Amino acid sequence: MTSNAFRVVSAVFGFMAVSTVLLQPAVAQSLEALDQLVLASAKPADGLALARSQAGSGALLDALATLERVLLTDPANKPAQLLHASILCRIDDQEGAAAEFGRLKSKDFKKPEWAAARAVCAAPAASPRGTTK
Amino acid sequence: MKMPEKKTSTRYLKRGLLALGAASTMLSWGIANAQSSAAQIGIAAAVVGQVKLSNAQSPKPKAISVRQRIALADLIQTGKNGRLQVLLLDRSTFTIGPNSVLRIDRFVYDPSRGRTSGASVLRGSFRFMSGQPNRGNSATISSPIATIGIRGTILEGVVGEGARDIAKNENRAVREADADKKTATLVVLRGPGPGTEPGAEIGSASVTSGGVTVELTEPMQAVYVPRAGAAPIGPFRISPGGLSGLHDQVFPDQGGGGLGKALLGGALRVLPGVINGKGKRNTGGSAPGPNDQPGVPVKP
């Protein structure tokens, strides 16, 4: 084998190895990003704030996932339940929202808070707004 | 003239071998690393009560904690008070209720191309929620007797006795089906519906069993597969009681159990403003209604 062949072989192997190694941080970073999401919702109040922020920016499913985490660990969290119900309306799960509102009592909330959540659900759904596949 | 040439060749040979050795070492390390962590496809995002994980390397189930890495083929089991949310790399979530068994069998994710995933729910209750919208996304969930194809959606389901319990209060075709208490499978599409705000894909799902596929295209549409080899029954609209029962199985502490069910029986009546006049009121589960379509095969 000539020296050029060795150069080529070593270069190919080196490239493959380095590429593989470089891909690792991408996966690790993604997992770390998930860690950050979880850490940001570790306390119910923080989770609620994160969900409000996500819902405010239109990331409705992310907001629901955050609220799910909050409610798994703090099932009696009324503000989280109310926000969850109102987001269901925003994704047009009207009956699911109705069921969740049925679990809540308006007296457990400040009037504007309750009214705002109900207003989301009372608003008529527009003709298809979501993206289809 | 010949000696220096031979010397040069030997030098290149040594350099080449050294480079090859180094590259091979890096490659082995890189591949080993990739195998160990490329298979990690998510994390345990919320863990409540007893939740255990086992796999080929650790066959004995061990308790898991929040932020623990979840890898392909890990078998996750919840105890009678256990609940878990798994957050996957594409931000899809799998939430399982008590006495449930979940395994992620397949997960391929490229942020620019989408995600393909396959999971098995062998027992218990679950909610799956799609992550970041992408036209390339596809997912399947298998129960022991049915396969569910998912497109951009929120989906809930129960496998086993819980499914049979809910089915007992649904329409006649569902409640009278001869069901297997270990494998009966109930699936409910939760959305997003056609009126969803932008940013969420309209959800749909297909359920296949016994060579028959049934499509779910609207929130609250449900399908019941009573036993292995049976065609899916549906789509039908899940009753308020059925929805409540499903919710209580995935999130048992939120609804107050029987109280929640009792309240929800009338929830749709006491909150008319919540339903926006789409006329999707269901039948209450006692008799077949206009939306009940037992055994509608879509693809033979």
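Keep in mind the model is a prediction, meaning the values are calculated, not measured.

What counts and what doesn't
- Residues numbered from 1 in each chain as written.
- Chains lettered and ligands numbered in written order.
- Predicted model: local features only at pLDDT ≥ 70, side-chain atom pairs only at ≥ 80, totals over all residues.
- Helix = DSSP H or I, 4+ residues; strand = E, 2+ residues; numbered from the N terminus.
- Buried ≥ 20, exposed ≤ 12 C-beta atoms within 10 Å, placed from the backbone.
- Contact = placed C-beta atoms within 7 Å.
- Core = buried A, V, L, I, M, F, W, Y, C linked by C-beta atoms within 7 Å.
- Expected span 1.5 Å × (residues − 1).
- pLDDT = per-residue confidence, 0-100.
- Axes fitted to C-alpha atoms, helices over the stretch in contact; angles between N-to-C directions.
- Parallel < 35°, antiparallel > 145°, perpendicular 65-115°, else oblique.
- Left-handed = near helix turned anticlockwise from the far one by under 90°.
- Nonpolar A, V, L, I, M, F, W, Y, C, P; charged D, E, K, R; others polar.
- Pairing = 2+ DSSP bridges.
- Arc of directions from axis to C-beta.

**Let's talk about the overall build of chain B**
- Of regular secondary structure, chain B possesses 6 helices and 17 strands.
- For chain B, buried positions account for 48% of its 300 residues.
- Pairs at least 24 apart in sequence give 57% of the contacts found in chain B among residues at least 6 apart.

**Thoughts on the nonpolar core**
- Grouped together as the largest cluster of nonpolar side chains are 95 residues, with contacts concentrated most on Leu186(B), Val187(B) and Val223(B).
- Ranked by the residues each element gives to this core, the list is headed by helix H3 (residues 60-73) of chain A, at 9 residues.
- Excluding residues within four positions of it along the chain, Val187(B) makes contact with Ile148(B), Leu155(B), Gly157(B), Ala205(B), Val207(B), Ala222(B) and Val223(B).

**Some remarks on helix H4 (residues 78-90) of chain A**
Residue and element names in this part refer to chain A.
- Along its 13 residues, H4 runs 19 Å from first to last C-alpha, staying within 8% of the 18 Å computed at 1.5 Å per residue.
- A large share of H4 lies buried, amounting to 10 of its 13 residues.
- Looking at the packing, one finds that the buried side of H4 touches helix H2 (44-56), H3, helix H5 (94-101) and helix H6 (111-122).
- Where H4 terminates, the next one or two residues include Asp 92, which has phi positive at roughly 65°.

**Points about the confidence of the model for chain A**
All names here are of chain A.
- Summarising the model, chain A shows a mean pLDDT of 81, and 70% of its residues fall at 70 or more.
- Ranking the elements of chain A by mean pLDDT puts helix H1 (residues 3-40) last, at 66, and H2 first, at 96.
- This stretch, residues 17-25, has a pLDDT under 50; its non-local contacts, to residues over four places away or in other chains, come to 15 contacts.
- Predicted confidence is poor over residues 126-133, with pLDDT under 50, and the contacts of this stretch with residues over four places away or in other chains come to 22 contacts.

**Concerning the confidence of the model for chain B**
All names here are of chain B.
- Looking at chain B, the pLDDT average stands at 79 and 71% of residues meet or exceed 70.
- Confidence drops under pLDDT 50 across residues 26-38; counting only partners more than four residues distant or on other chains, this segment forms 19 contacts.
- As scored by the predictor, the complex reaches a pTM of 0.76 and an ipTM of 0.76.

**Things to note about the packing of H3(A) against H4(A)**
Residue and element names in this part refer to chain A.
- Put simply, H3 and H4 touch, their axes get as near as 10 Å, and they point 155° apart. In terms of orientation, H3 lies roughly antiparallel with respect to H4. Crossing hand, H3 versus H4: left-handed. Taken together, the residues of H4 that come into contact with H3 (itself represented by Leu 60, Ala 63, Leu 64, Leu 67, Val 70 and Leu 71) are Ala 80, Gln 81, Leu 83, His 84, Ile 87 and Arg 90.
- A per-class count over the contact of H3 with H4 returns 9 nonpolar, 2 polar and 1 charged.

**Some words on the environment of Thr217(B)**
All names here are of chain B.
- Within the secondary structure layout, Thr 217 lies in the loop between strand S15 (212-216) and strand S16 (221-225).
- The exposure class assigned to Thr 217 is partly exposed, which follows from the 15 C-beta atoms found within 10 Å.
- Separated by 66 residues in the primary sequence, Thr 217 and Arg 151 have C-alpha atoms spaced 10.0 Å apart.

**Points about the pairing of strand S6 (residues 83-88) of chain B**
Residue and element names in this part refer to chain B.
- The buried fraction of S6 amounts to 6 of the 6 residues, a majority that puts the element mostly inside the structure.
- The alternating pattern of S6 places Arg 83, Gln 85 and Leu 87 on one face and Leu 84, Val 86 and Leu 88 on the opposite face, and all of these are buried.
- Relative to S6, strand S1 (residues 40-48) is paired through 6 bridges, and the arrangement is antiparallel. Across the sheet, the residue bridging to Gly 42 is Leu 88, located in S6.
- Across 4 bridges, S6 lies against strand S7 (residues 93-96) in antiparallel orientation. Bridging from a neighbouring strand, Gln 85 pairs with Thr 95 of S7.
- Counted between consecutive antiparallel strands, the loop separating S6 from S7 contains 4 residues, among which Arg 91 sits at a positive phi close to 75°.

**What to know about the packing of H2(A) against H4(A)**
Residue and element names in this part refer to chain A.
- The geometry of H2 relative to H4 is characterised by a closest axis approach of 10 Å and an angle of 20° between their N-to-C directions. On the basis of the axis angle, H2 is roughly parallel to H4. You can see that H2 and H4 cross each other, and the crossing is left-handed. Between H2 and H4, the contacting residues are Pro 44, Leu 48, Ala 51, Arg 52 and Ala 55 on the first element and Pro 79, Ala 80, Leu 83 and Ile 87 on the second.
- Looking at the contact of H2 with H4, its residues break down into 8 nonpolar, no polar and 1 charged.

**Focus: the environment of Gly58(A)**
- With respect to the helices and strands, the residue Gly58(A) is situated in the loop between H2 and H3.
- Accessibility expressed as a C-beta count within 10 Å gives 13 for Gly58(A), which makes it partly exposed.
- Residues Gly58(A) and Arg90(A) lie 32 residues apart in sequence; the distance between their C-alpha atoms is 9.6 Å.
- With sequence-adjacent residues up to four places away left out, Gly58(A) is seen in contact with Glu197(B), Pro198(B) and Gly199(B).

**Quick word on the pairing of S7(B)**
Residue and element names in this part refer to chain B.
- Burial along S7 is two-sided: the face carrying Thr 93 and Thr 95 and the face carrying Phe 94 and Ile 96 are both buried.
- Examined bridge by bridge, S7 and strand S9 (residues 114-129) share 4 bridges and lie antiparallel to one another. Bridging across to S9, Ile 96 finds its partner in Phe 126.

**Some details on H2(A)**
All names here are of chain A.
- Taking 1.5 Å per residue, 13 residues should reach 18 Å; H2 reaches 18 Å between its end C-alpha atoms and fits that length.
- Among the residues of H2, those classed as buried are Gly 47, Leu 48, Ala 51, Gln 54 and Ala 55. Buried positions in H2, seen along its axis, are confined to an arc of 125° and lie on one side of it.
- Summarising the contacts, the buried residues of H2 are in contact with H3 and H4.
- Gly 58, located one to two residues past H2, shows a positive phi value of around 90°.

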